[in-house]
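Listed below, chain by chain, are the residues.
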Amino acid sequence: MNESRREFLTVGAASALGGALLSGVLNGKAEAAEGSGHEGHPGHANAMKGLFPGAVDADGKYALPPLPYAYDALAEVIDEQTMKLHHDKHHEGYVKGLIKAEEELAKARQSGNFEFIQYWSRQSAFHGGGHFLHTMFWACMAPPGQGGEPGESFKKGIEKDFGSVDGMVAQLKAATKSVEGSGWGLLAYSIAAGKLVILQAQNQQLLTQWASIPLLGIDVWEHAYYLKYQNNRGAYVDAFPKIINWKGVSERYSMLAG
Ligand code: MN3
């Protein structure tokens, strides 16, 4: 998508896209329930894909999803240049890195030479973590004043697992500020435990619980905030709630928690 086209995209359009994805997800669930998914349960796979909109293209190849708003739409909290570099350069780099890792792993299988298996496995985890977390990141932000409020069932879930929305946000901010080095603060849904949890990620892939799917994340790699906030990570994290797309995150929660 070219830049002028992207300028025309509004949060309304993003919501419509989210709605379309959500209905695809619900259809996918219905299909799975009806038992139309045989091998590999394709209905369920479709449901999971909706959590990471645009992470793969129509052919199932890894792709850079377009930003659902203009580069400057979040400028009150994240400046235009940071958004441009972060999306077009950093995220693109993770997509390329993930594709490369899988190509090299395929070559290794073909040749039977697994000498560099540790390196390419690590590359796959790092770039894959980067690709999927950033895909989620763009979707869980919205221009100030347009993100709405947590939906009813999401709010109930938060209250059950954290006491209150404010309590959850306070824990998420504290966890995010204290990430050691580069990483993320994440609100995730544990599909194993059926509850919300807050985790940190170091780099893109360390400290996961494995059974938890991230719903909302704050990227605290310096590339996410340094131009505007320099070393003041705390000010960036404190401002972040202004641009949370609560409506979108609520939809993501519904895809997992029903
Ligand atoms: Mn980043």
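Note: the structure precedes this text.
Analysis parameters
- Residues numbered from 1 in each chain as written.
- Predicted model: local features only at pLDDT ≥ 70, side-chain atom pairs only at ≥ 80, totals over all residues.
- Heavy atoms only, no water.
- Core = buried A, V, L, I, M, F, W, Y, C linked by side-chain atoms within 4.5 Å.
- Buried < 20%, exposed > 50% of the residue type's maximum accessible area, 1.4 Å probe, protein only.
- Contact = heavy atoms within 4.5 Å.
- Donors = N, O, S within 2.8 Å, 3.2 Å for Na, K, Ca; no water.
- Helix = DSSP H or I, 4+ residues; strand = E, 2+ residues; numbered from the N terminus.
- Pairing = 2+ DSSP bridges.
- Axes fitted to C-alpha atoms, helices over the stretch in contact; angles between N-to-C directions.
- Parallel < 35°, antiparallel > 145°, perpendicular 65-115°, else oblique.
- Nonpolar A, V, L, I, M, F, W, Y, C, P; charged D, E, K, R; others polar.

Engineer: If you had to explain the nonpolar core to someone new, which residues and values would you point to?
Structural biologist: If you look at the biggest cluster of nonpolar residues, it comprises 54 residues, and the most contacted ones within it are Met-83, Met-141, Phe-154, Met-168, Leu-196 and Tyr-236. Every residue in contact with Leu-196, bar those within four places of it in the chain, is listed here: Phe-154, Gly-157, Ile-158, Asp-161, Phe-162, Leu-187, Ala-188, Tyr-189, Leu-215 and Tyr-253.

Engineer: Describe in detail the coordination of the manganese ion, supporting the description with residues and values.
Structural biologist: In this structure, His-86 (NE2), His-134 (NE2), Asp-219 (OD) and His-223 (NE2) serve as the protein donors to the manganese ion, at separations of 1.9 to 2.2 Å. Here the donor residues for the manganese ion map to a single chain with the spacing H-x47-H-x84-D-x3-H. On the criterion of sequence distance, the pair formed by His-134 in helix α5 (residues 117-139) and His-223 in the loop between β3 (212-219) and α8 (226-229) is long-range, its members being 89 residues apart. On the basis of relative accessible area, His-134 is assigned to the buried category, the value being 0%. Judged by its relative accessible area of 19%, His-223 is buried.

Engineer: I'd like to hear about the sheet that holds strand β2 (residues 195-202), residue by residue, with values.
Structural biologist: On the basis of which strands lie adjacent, the open sheet formed by 3 strands has the order β2-β1-β3 and antiparallel pairing. Only two strands of the sheet have a single partner each, and these edge strands are β2 and β3. The average angle at which neighbouring strand axes cross in this sheet is 25°, direction not considered. Across the face of the sheet, helix α10 (residues 246-257) comes into contact with β1 (183-190), β2 and β3 while running at roughly 165° to β3.

Engineer: Lay out the pairing of β2 in plain terms, naming residues and giving numbers.
Structural biologist: Both β1 and β2 contribute to a ladder of 8 bridges, which runs antiparallel. Across the sheet, Gly-183 pairs through a bridge with Gln-202, a residue of β2. Counted along the chain from β1 to the antiparallel partner β2, the turn is 4 residues long, and its residue Gly-194 has a positive phi close to 65°.

Engineer: Help me get a handle on the packing of helix α6 (residues 152-162) against α10, residues and values and all.
Structural biologist: Two numbers describe how α6 lies on α10: the axes approach to 8 Å, and their chain directions differ by 80°. Judged by the angle between their axes, α6 and α10 are roughly perpendicular. Here Ser-153, Phe-154 and Gly-157 of α6 come into contact with α10, specifically with Trp-246, Val-249, Ser-250, Tyr-253 and Ser-254. For the contact of α6 with α10, a count of residues per class yields 4 nonpolar, 4 polar and no charged.

Engineer: Kindly report on unusual backbone geometry, identifying the contributing residues and their values.
Structural biologist: Not every positive phi belongs to a glycine, and Leu-207 is a case in point at roughly 80°. The partly exposed category is assigned to Leu-207, whose relative accessible area is 45%. The phi dihedral of Trp-210 falls on the positive side, at around 75°, and the residue is not glycine. Here Trp-210 shows up in the loop between β2 and β3.

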